[in-house]
Amino acid sequence: MKKTANILATIGVICFTLGLFFKFYHWAGGPIFLLAALFLLVLFFLPSYGYNLMYDLSGKKSKTAGVFGAITFCAIGLAVIFKVQHWPFAGPLVLLQYVFTALFTVPLILVCRLRI
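Remember, predicted model here, so these are calculated numbers, not experimental data.

Chemist: Explain the overall build of the chain to me, please; I cannot follow it from the model alone.
Modeler: Helix and strand counts for the chain come out as four helices and zero strands. Going residue by residue from the N terminus, the α and β elements of the chain occur as α-α-α-α. Taking the principal axes of the C-alpha coordinates as reference, the chain spans close to 55 × 35 × 15 Å. The contacts of the chain with a sequence gap of at least 6 include a subset with a gap of at least 24, amounting to 52%. Working note: accessible area of the chain is about 7,500 Å², and carbon and sulfur atoms make up 77% of it.

The structure is reproduced here in structure tokens:
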């Protein structure tokens, strides 16, 4: 899973660099590369990274903590994309991300770390 995350991160960074290059020279396809890179990084790399991070942080190596970490990282990334692109429903998505993090992810990690 870590190898897949690294490959997807590399492809996302290459797409992001190409998108910035195309935008800088006002060539066609710049926004497409940027959106592809953002979605690739947010929908594939961040959840995988969040899963691995939360799985490693939990004291008992809880898969539940890993899943909630992946969902939280995905929600954070989507909220950032929606806010940056000024798309509708960005505000509720940010609120949902905060609520999900505060009510589920942080308490679950604390319970796993403190071994209550």
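So, next bit.
Chemist: What's the story with the packing of helix 1 (residues 2–24) against helix 2 (residues 30–57) in this structure? I'm lost.
Modeler: The N-to-C vectors of helix 1 and helix 2 enclose an angle of 150°; their axes lie 8 Å apart at closest approach. With respect to each other, helix 1 and helix 2 are oriented roughly antiparallel. Helix 2 is crossed by helix 1, and the crossing has left-handed handedness. Residues of the contact of helix 1 with helix 2, tallied by class, amount to 17 nonpolar, five polar and three charged.

Chemist: How should I be thinking about helix 2 in this particular structure?
Modeler: Because an α-helix packs 3.6 residues into every turn, residues spaced three or four apart end up facing the same way. Over its 28 residues, helix 2 runs 38 Å from end to end, which matches the ideal 40 Å to within 8%, given 1.5 Å per residue. Along helix 2, the sharpest change in direction is near 35° and occurs at Phe45; proline Pro47 comes one to four residues later.

Chemist: Looking at this structure, I do not really get the confidence of the model for the chain. What am I missing?
Modeler: Close inspection of predicted coordinates is inappropriate in any region flagged by low pLDDT. Per-chain confidence: the chain averages 80 in pLDDT, with 91% of residues scoring 70 or above. Put simply, helix 2 is where the chain has its lowest mean pLDDT, 79, and helix 1 is where it has its highest, 83.

Chemist: Where do I start with helix 3 (residues 63–85) in this structure?
Modeler: An ideal rise of 1.5 Å per residue puts 33 Å on 23 residues; helix 3 measures up with 33 Å between its terminal C-alpha atoms. In the stretch just after helix 3, His86 is the one whose phi turns positive, near 60°.

Chemist: Could you clarify how one ought to interpret unusual backbone geometry in this entry?
Modeler: The bulk of non-glycine residues show a negative phi, and the bulk of peptide bonds are trans. One non-glycine residue, His26, lies in the positive phi region at around 55°. You will see that Phe89, though not glycine, has its phi angle at about 70°, which is positive. In this structure, Phe89 sits in the loop between helix 3 and helix 4 (90–114). The exposed category is assigned to Phe89, whose relative accessible area is 66%.

Thresholds applied
Every residue gets a number counted from 1 within its own chain, in the order that chain's sequence is written. The predicted nature of this model means local features are confined to residues of pLDDT at least 70 and side-chain atom pairs, given and counted, to a pLDDT of 80 or more, with totals for whole chains, interfaces and linings taken over all residues. By convention in this description, side-chain values take in all heavy atoms of the structure and omit both hydrogens and water. Where helices and strands are cited, they refer to DSSP runs of H or I of at least four residues and of E of at least two residues respectively, numbered from the N terminus. Whether two residues touch is decided by their heavy atoms; if any such pair falls within 4.5 Å, the residues are in contact. With residues, only the protein chains shown are counted as cover, and all accessible areas are computed by Shrake-Rupley using a 1.4 Å probe. With axes taken as lines fitted to C-alpha atoms, and helix axes fitted only over the stretch in contact, angles between N-to-C directions fall between 0 and 180 degrees. Each angle receives one of four descriptions, namely roughly parallel if under 35 degrees, roughly antiparallel if over 145, roughly perpendicular if within 65 to 115, and oblique otherwise. Each crossing gets its hand from how the near helix is turned against the far one by less than a right angle, where anticlockwise is left-handed and clockwise is right-handed. Following the grouping adopted for this structure description, the nonpolar residues are Ala, Val, Leu, Ile, Met, Phe, Trp, Tyr, Cys and Pro, the charged ones are Asp, Glu, Lys and Arg, and the polar ones are all others, Gly among them. Expected span, for any helix, means 1.5 Å times one less than how many residues it has. Axes are fitted to the seven residues ending at a residue and to the seven starting at it; the angle between these axes is taken as the bend at that residue. By definition, pLDDT measures how confident the predictor is in each residue, and it falls between 0 and 100. Exposure classes here rest on a 1.4 Å probe applied to the protein chains alone. A residue is buried below 20% of its type maximum, exposed above 50%, and partly exposed in between.

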